[in-house]
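What the coordinates show
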Amino acid sequence: MAKIILLASIFLNILGWNNDLKAKQLSPEDEYRVNFEKRKDKLLRYFAMLNQKSFVVSLAKFSTNTDIEGAIEIFDSLITEPSGDMFFMYPSLMTYLYAEDKMPEWLKRKYRNVWKTYTPFRGDTENHWLMYYVSLYLASQRWSNQDGSEWYTGKSSEENFEEARGWIDKWIEITTTIGQGEFDSSHYMPFFLIPMFMLYEFSQDSLMKLKAQMMLDYLFSDFAVEHLSNCYCGAHSREYPPEAMNPRNSLASAFSALYFGSDPNFERNLSRYGIAVFPAVTSYILPYIIYKIATDRELPYEHRERKRVRNIIRYGSERNPAVYKYTYMTRDYCMGSLQGGILQPIHQHSWDITFADAREYNTVFSVHPYSSEIELGMFFPEEMKILPELVDRAHKFYRNPDKLISSSPYERIFQYKGTMIVLYGLDRMNDREKYKHVNIFIPRYLDHFEMDTSGWIIGSMGNAYFGMKIIGGRFEMKVDSISYRIRVYGDRICLIVEAGGESEFGNFGKFRDGLRSSKYSFDSRDFSVRYKGLRGFEMFFSYDGKRMLNGKIYPLDWGLFDGVYLRSGVGSKVLEIKYKERMRKIDFNNLKIIDETTK
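If you're wondering where the values come from, they're calculated on a predicted model, not measured in any experiment.

Next up on the list: the sheet that holds strand E20 (residues 547-549). Read across the sheet, five strands follow the order E17-E18-E19-E20-E21 without closing on themselves; strand pairing throughout is antiparallel. Across the chains shown, the open sheet's two edge strands, defined by having one partner strand only, are strand E17 (519-523) and strand E21 (552-553). Inspection of the sheet shows strand E18 (residues 528-532) paired to strand E19 (residues 538-542) by five bridges, in the antiparallel sense. Within E19, the residue paired with Tyr531 across the bridge is Met539.

Structure follows, in structure tokens:
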């Protein structure tokens, strides 16, 4: 009998069935971790086999013990003539701290000398400062007890360390009391996460290590609740045009692909995900509760957040006004928005619909292509009249009338669930301000697109549908290889936008019929609209800011996080992460992580 069992076991192992049976016996949490480790291994081995002059490649080679001489050669070449400021500091230091024991003495001495002779620019944004100070903190920790003659700052190791520690602690306090200024950026999110990964992995102070772990949980939760199908959905403080049009090709998607397992073509797309090599070499494990929040889209939900405007230095009575974000998430699509106005210069992405379908270019949005020395002067200290040219020189698109990202003081937005009203008061513009029109982006990769006789622009992608009605303006459309570009001209422009999906409305025909039977009234004199649409509720919105839902005032007044999964009050410094019967509490008052059940 024993021989029969042994032979059966051998046969099952040959077929690979035993492994499958063992996998089925794993708990869902353990299965997640096994799959995460597999993705991490594939990512590191892919980049370890490359020969590019990149800290990503050097670090991957060190981490997999692949071509150590090549890793040393790449690292040496990159530190010979340092450049890039904080974008040099963090990847070089993380590679060094991870692989120091594999480096020859001459290379260690050479890299130490970089911190004496190279003076990096501290930068002028929140992510710049975090990368800068975390790097300085860890470098000062590594080379402690050295005087100012050994540092580019002219300060001792202890002075550098204390300055950096103070800034990091202050950033954590601000973030957990009034929110981030560079919030929810699909491009810059990694440059907040990676410094926290560095502190978590390399800080010798157990409290700083704990703070870093807590901030990783905090930032990942913020991302998870607005994640759908490997996309960071909704509104963003800072985004670049390619990411606005194609959110799957953002830097944030590298993190969702690795930690949420949300890219079914992970191996095919590995070349996109190099930025994720830095977290992949650390020991941080994403809490399973955050993974579930990022991936469970069985039921639709509303989610509200409060962030802050970055520091205003001119033309404002308040340094950090509140930013109110609203997101409606379903399995088929996500619609998200800000309240409008100037909340972040240059890169603001005020609203969008993101489709869950796996195709590229899966988003719809509009923008007023505003550019002004007033907007830039609010946030940058340079002489105002030269700022538009300086910014345009750096970002190439700032004064482009066709641009697809921008803040605008003439934009107002009101969203409830999958319905949105957007108002553009372009008659308020002064003579020096350009571009009295609105740009709308609609992808060509749709299953259906039409200009309906009822006045609705209607389309579908996969199981998601959208409709848009343009009121108070005339428009023209151009078609390019990836999109329908609509330009709307007018003084007082109103967009009514609806999103829906198969799970909510059934087939596309029923959604289209619902749009045709919807009712609205538009008053151009006081610039207000009243709309009763697909879901039966009535919205009233006026340009002066009055919002009403079913006849009652709809206030913009909520906490840092206010939704079914995340809760945090303004000033509380406590984030409650909930999923079904689980709760994880991140308490920055007492520096504790508490896991509970809520049965």
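Right, let's talk about the pattern of salt bridges for a bit. Inspection of the entire model under this criterion finds 47 salt bridges. A salt bridge links Arg582 to Glu29, with the shortest nitrogen-to-oxygen separation between them at 3.3 Å. Of this pair, Arg582 sits in strand E25 (residues 582-587) while Glu29 sits in helix H3 (residues 28-48), placing them 553 residues apart in sequence. Overall, the relative accessible area of 32% leaves Arg582 in the partly exposed class. Residue Arg428 is joined to Asp427 by a salt bridge in which the shortest nitrogen-to-oxygen separation is 3.3 Å. The exposure class of Arg428 is partly exposed, given its relative accessible area of 38%. Looking at Asp427, the relative accessible area reads 30%, which means it is partly exposed. Residues participating in the shared-partner salt-bridge network are Asp184, Asp222, Glu226, Glu305, Lys307 and Lys325.

What the rule picks out here adds up to zero disulfides. Looking at Cys334, it has no disulfide partner, and the nearest cysteine sulfur is the one in Cys233, 4.2 Å off. Overall, Cys334 belongs to the buried group, its relative accessible area being 0%.

A few words on the confidence of the model for the protein. In this model, the protein carries an average pLDDT of 94, and 96% of its residues clear a pLDDT of 70 or more. Confidence drops under a pLDDT of 50 for residues 1-12, and excluding neighbours within four residues, the segment shows three contacts in the predicted structure.

Here the focus is the sheet that holds strand E9 (residues 419-425). The strand order across the open sheet built from six strands is E8-E9-E16-E13-E12-E11, with neighbouring strands paired in antiparallel fashion. Strands at the two margins of the open sheet, each flanked by one partner only, are strand E8 (411-416) and strand E11 (448-451). Recorded for the sheet is a direction-independent mean angle of 10° between the axes of neighbouring strands. Summarising the sheet, strand E13 (residues 464-471) and strand E16 (residues 492-501) pair through eight bridges and their orientation is antiparallel. By the bridge assignment for E16, Gly467 is matched with Glu498. Along the sheet face, helix H19 (residues 508-516) touches E11, strand E12 (456-461), E13 and E16 and points at about 160° away from the line of E12.

Thresholds applied
Residues numbered from 1 in each chain as written. Predicted model: local features only at pLDDT ≥ 70, side-chain atom pairs only at ≥ 80, totals over all residues. Heavy atoms only, no water. Pairing = 2+ DSSP bridges. Helix = DSSP H or I, 4+ residues; strand = E, 2+ residues; numbered from the N terminus. Salt bridge = Lys/Arg side-chain N within 4 Å of Asp/Glu carboxyl O. Buried < 20%, exposed > 50% of the residue type's maximum accessible area, 1.4 Å probe, protein only. Disulfide = S-S within 2.5 Å. pLDDT = per-residue confidence, 0-100. Contact = heavy atoms within 4.5 Å. Axes fitted to C-alpha atoms, helices over the stretch in contact; angles between N-to-C directions.

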